[in-house]
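# Close look at the chain arrangement
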Amino acid sequence: MADLKIKTAYFGGSFDPPHAGHIALADAAVAAGLADEVWLAPAWVPPHKHRRLSPFSDRLRMTELACEGHAGLRVCADESEFALAPSYTIDVLAKLEEKYPSRRFLLLIGGDMLATFHQWHRAKELLAKYPVVSYPRPGEPDSAAELRKHWSAEETEKLRSGLLAAVPLFDISSTKIRRGLEKGQNTDNSINTEVFEYIMKSGLYRKKGDKID
Ligand code: ATP
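Below: a short report on this structure.

Reading the values: the criteria
Residues numbered from 1 in each chain as written. Predicted model: local features only at pLDDT ≥ 70, side-chain atom pairs only at ≥ 80, totals over all residues. Heavy atoms only, no water. Pairing = 2+ DSSP bridges. Helix = DSSP H or I, 4+ residues; strand = E, 2+ residues; numbered from the N terminus. Axes fitted to C-alpha atoms, helices over the stretch in contact; angles between N-to-C directions. Buried < 20%, exposed > 50% of the residue type's maximum accessible area, 1.4 Å probe, protein only. Arc of directions from axis to C-beta. Contact = heavy atoms within 4.5 Å.

## Some remarks on the sheet that holds strand E1 (residues 6-13)
Across the sheet, five strands lie side by side as E3-E2-E1-E4-E5; this open sheet has parallel pairing. Because the sheet does not close on itself, it has two edges, and the strands there are strand E3 (73-75) and strand E5 (132-135). Between one strand axis and the next, the sheet turns through 30° on average, direction left out of account. Relative to E5, strand E4 (residues 103-110) runs parallel, the two being bridged by four bridges. The residue bridging Gly110 from the neighbouring strand is Tyr135, located in E5.

Following this line, the structure appears as structure tokens:
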């Protein structure tokens, strides 16, 4: 029987701030026909991040601004409603499935996450339940041998088959961008004008004591 559910890629992250790499990754999943929609979901309390994050409301608004004009990209604010702490992906997806029964979820991640995916909360179960699409990130080894250290041959194959091929690489990260923003700079123009203006107005990422003229 045909699957009538809407293929929805859950793309979680800190999005602190959202940048061109995030958007390219999400666009690529739609363009490749892997998802009808990609939901960019700013994490409520990301399990692996220890740095203090910007407020959820700011990360949500910036992600909305970053997605504007990109067909198929939506921002998912549900994690604030679920308020899971920590917001483990497997728990968030279970809640989303319950809330949106007409959707079939898959997971979209960056290549760096693929290398550490075995450390995620209930990783084996996550992989068994959801297709995992990944986007290569510069500097990340994508070797089957690496994956085989932690996964069975079948699981390794499943993970590798979800890796998007022949896509441009983006050597950018929110960390690098935050460093530029401390000085009021948009490093490599990696964030769009609307997001940059939001940051400049709100004072996010500015070093304490700095003033804008
Ligand atoms: P930070 O530098 O603060 O750790 P980040 O740039 O890695 O942030 P996140 O919001 O933590 O961004 O990432 C969300 C998701 O996007 C993750 O799955 C990550 O692997 C992926 N991602 C982020 N930047 C890239 C990139 N340049 N290429 C491929 N994937 C990326």
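## A closer look at helix H8 (residues 153-161)
Turning to H8, its buried residues number three or more, namely Glu155, Thr156 and Leu159. The buried residues of H8 occupy one face: seen down the axis, they fall within an arc of 100°. Exposed positions of H8 whose direction lies more than 90 degrees from the buried face are Glu154, Glu157 and Ser161. Looking at the buried residues of H8, the elements they touch are helix H5 (111-115), helix H6 (123-129), E5 and helix H7 (144-148).

## Some details on unusual backbone geometry
Residue Pro17 is reached from Asp16 by a cis peptide bond, and omega for that bond is 0°. Among the secondary structure elements, Pro17 is positioned in the loop between E1 and helix H1 (20-31). A cis amide bond, omega 0°, links Ala85 with the succeeding residue Pro86. For Pro86, the location among the structural elements is in the loop between helix H3 (78-82) and helix H4 (89-99). Positive phi, normally seen in glycine, also occurs at Phe15, with a value near 50°.

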